[in-house]
Amino acid sequence: MMRIGITGGIGSGKSYVCRRLEALGYPVYDCDAAAKRLMCDDAEIMEGLVRLMGPEAYVDGRLNKPAVARYLFHSGRHAAAVNSLVHPAVSQDFVDWAQRQATPLVFVESALLFQAQMEKVCDAVWAVSAPLEVRVKRVMQRDHVDEKDVNSRMAQQMDDSEVLRRSDAVILNDGQQDIDSQLNSLIKSLKTSNHHSSC
């Protein structure tokens, strides 16, 4: 089995690409959803959050999302502390999940794939890319925010050129290129290289 990471900046269209992969019959692990789940039911993470934030991290045994969000955005140090709890747990959860899948290829979607060092548990990483103006427009429409807000969010992410440099392949999602044909081509080349390497 091969594990492929899907990453890219905000507004690049990672989720759309992942929906196309699912439509093609491949399972996709969603890191955002997994992080939220694990923060609610993983004992180690729960203990760690209480250690960092105090008892306000959970109210009646449920994650206090507004308090966690305030803590996260208060400083880079806070975000790094929470990420150091959550990222390794998500990474291991993905590996466990992948082993339960019955397909030769599985995918993982993560905006923070490199920051979380999840490339270490992937056989390849594909970056989803789109022109900056397209990305800004998408996020403004999707989240009903202004351009300034989008730019400040983008500034907090890894630079797009760095993401592309560290990835093994790029999927152009500019609204013009056909996504399925790009995916089929990449999957075909994966299968070919995998076949050669196993000969």
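Everything discussed here concerns the structure shown above.
Residues numbered from 1 in each chain as written. Predicted model: local features only at pLDDT ≥ 70, side-chain atom pairs only at ≥ 80, totals over all residues. Heavy atoms only, no water.

K.L.:
Could you give an account of the packing of helix α4 (residues 65–74) against helix α5 (residues 76–99), with specific residues and numbers?
P.N.:
Each packed pair of helices is defined by two parameters, the angle between the axes and the distance between the axes. The N-to-C vectors of α4 and α5 enclose an angle of 120°; their axes lie 5 Å apart at closest approach. When the axes of α4 and α5 are compared, the pair comes out oblique. For the pair formed by α4 and α5, the contact residues are Y71, L72 and H74 on the first element and H78, A79 and V82 on the second. In terms of residue class, the contact of α4 with α5 is built from 4 nonpolar, 2 polar and no charged. (Axes fitted to C-alpha atoms, helices over the stretch in contact; angles between N-to-C directions. Helix = DSSP H or I, 4+ residues; strand = E, 2+ residues; numbered from the N terminus. Parallel < 35°, antiparallel > 145°, perpendicular 65-115°, else oblique. Contact = heavy atoms within 4.5 Å. Nonpolar A, V, L, I, M, F, W, Y, C, P; charged D, E, K, R; others polar.)

K.L.:
Quick rundown of the side chain of S167? Include the residues and the values.
P.N.:
Turning to its location among the elements, S167 is positioned in the loop between α8 (160–166) and β7 (169–172). Residue class for S167 comes out buried when judged on its relative accessible area of 12%. For S167, the side chain forms a polar contact with the main-chain oxygen of V163, separated by 2.7 Å. With near-sequence residues (within four places) excluded, S167 lies in contact with T7, F114, V125 and A127. (Buried < 20%, exposed > 50% of the residue type's maximum accessible area, 1.4 Å probe, protein only. Polar contact = N/O pair within 3.5 Å; in protein donor to acceptor, adjacent residues only side chain to side chain.)

K.L.:
Any details on the pattern of salt bridges? Residues and values, ideally.
P.N.:
Where charged atoms of side chains with opposite charge meet at close range, the side chains can pair. Applying the stated criterion to the full structure yields 8 salt bridges. Residues D143 and R153 are paired through a salt bridge, measuring 2.8 Å at the closest nitrogen-oxygen approach. Placement of D143 in helix α6 (residues 132–143) and of R153 in helix α7 (residues 147–155) is noted, with a sequence separation of 10 residues between them. For D143, a relative accessible area of 27% corresponds to the partly exposed category. A residue is classified by how much of its surface remains accessible, and R153, at 27% relative accessible area, is partly exposed. What you see here is one network of salt bridges that share partners, running through R142, D143, D149 and R153. (Salt bridge = Lys/Arg side-chain N within 4 Å of Asp/Glu carboxyl O.)

Keep in mind these numbers describe shape, not what the thing actually does.
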